[in-house]
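# Summary of the model geometry
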Amino acid sequence: MHLLDELRTHRLLAIVRGPDPDAALAAVLALAGSGIALIEVSLTGTGALGTIRRARAELGAGFGLGAGTVRTAEDARAAADAGAAFLVSPALTPSLGEAGRLGLPMLAGALTPTEVVQAEAAGATAVKLFPASLGGPGYLAALRDPFPGTAFVPVGGVDAQSAGQYLRHGAVAVGVGSPCSATRSAAATSAPCATASPHSWQA
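Here the structure is a predicted model, which means the values were calculated and not measured. (Residues numbered from 1 in each chain as written. Predicted model: local features only at pLDDT ≥ 70, side-chain atom pairs only at ≥ 80, totals over all residues. Heavy atoms only, no water.)

## Brief notes about the pattern of salt bridges
What counts is decided by this rule: What counts as a salt bridge is simple: a side-chain nitrogen of Lys or Arg found within 4 Å of a carboxyl oxygen of Asp or Glu. Secondary structure elements are taken from DSSP: a helix is a run of H or I of four residues or more, a strand is a run of E of two residues or more, and numbering for both begins at the N terminus. Burial classes follow relative accessibility: with a 1.4 Å probe on protein chains only, a residue under 20% of its type's maximum area counts as buried, one over 50% as exposed, and anything between as partly exposed.
Applying the stated criterion across every chain, the model contains 4 salt bridges. Put simply, R101 and E98 hold a salt bridge, and the shortest N to O gap is 3.0 Å. Of this pair, R101 and E98 are both found in helix α5 (residues 95–102), 3 residues apart, which corresponds to roughly one turn of the helix. When its relative accessible area of 8% is taken as the criterion, E98 is described as buried. One network of salt bridges, with partners in common, ties together E74, R77, E98 and R101.

## Some remarks on the environment of I52
Keep this limit in mind: Whether two residues are in contact is decided by their heavy atoms: any pair within 4.5 Å suffices.
Tracing the chain through its elements places I52 in helix α3 (residues 48–59). In sequence terms I52 and A67 are 15 residues apart; their C-alpha atoms lie 7.5 Å from each other. If sequence neighbours within four positions are ignored, I52 has contacts with V41, L43, L65, G66, A67, A82, G83 and A84.

Keep in mind that these numbers describe shape and distance, not what the molecule does.
See the structure below:
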């Protein structure tokens, strides 16, 4: 998939994680049904690979379903085998190199200018600014000065109010986790992500 194009088009990456695989699957399907086009299933969730596999079977080959918290080369291979179309890491990890070998786009976690340089040099499709809440939208604006061409996706503490600010400061998309938690009902999970789409957050 062309991850960067999809991020620029949809502006929102919903992140699903939780201790119940059935609830996680229900959350993914509810989000997809409400119009969310890019969904990441965090490997920190119980049975996450199974959730990805089952969701892929339900949603089809073309849906933007990825795996998050991919830290090792083994994680990357397992996620690809389960049907992930893209990978997301919390930091600069061996999974980045493995994503390149697998031919999968990668959203690589970085926070500092040095890490941004390293992520781009290693072939990251986009940079996951994480945890974005440490610096807020103002920090993204400062990073954009020396990195005007970098595709940033802030993740961590992003809500409806700050999302619009990140997008106005040049983020290609935002990642939203807590409102998409799989610890609640599918309907409750999908509502904050679907009704608070970044399209409505933009000025």
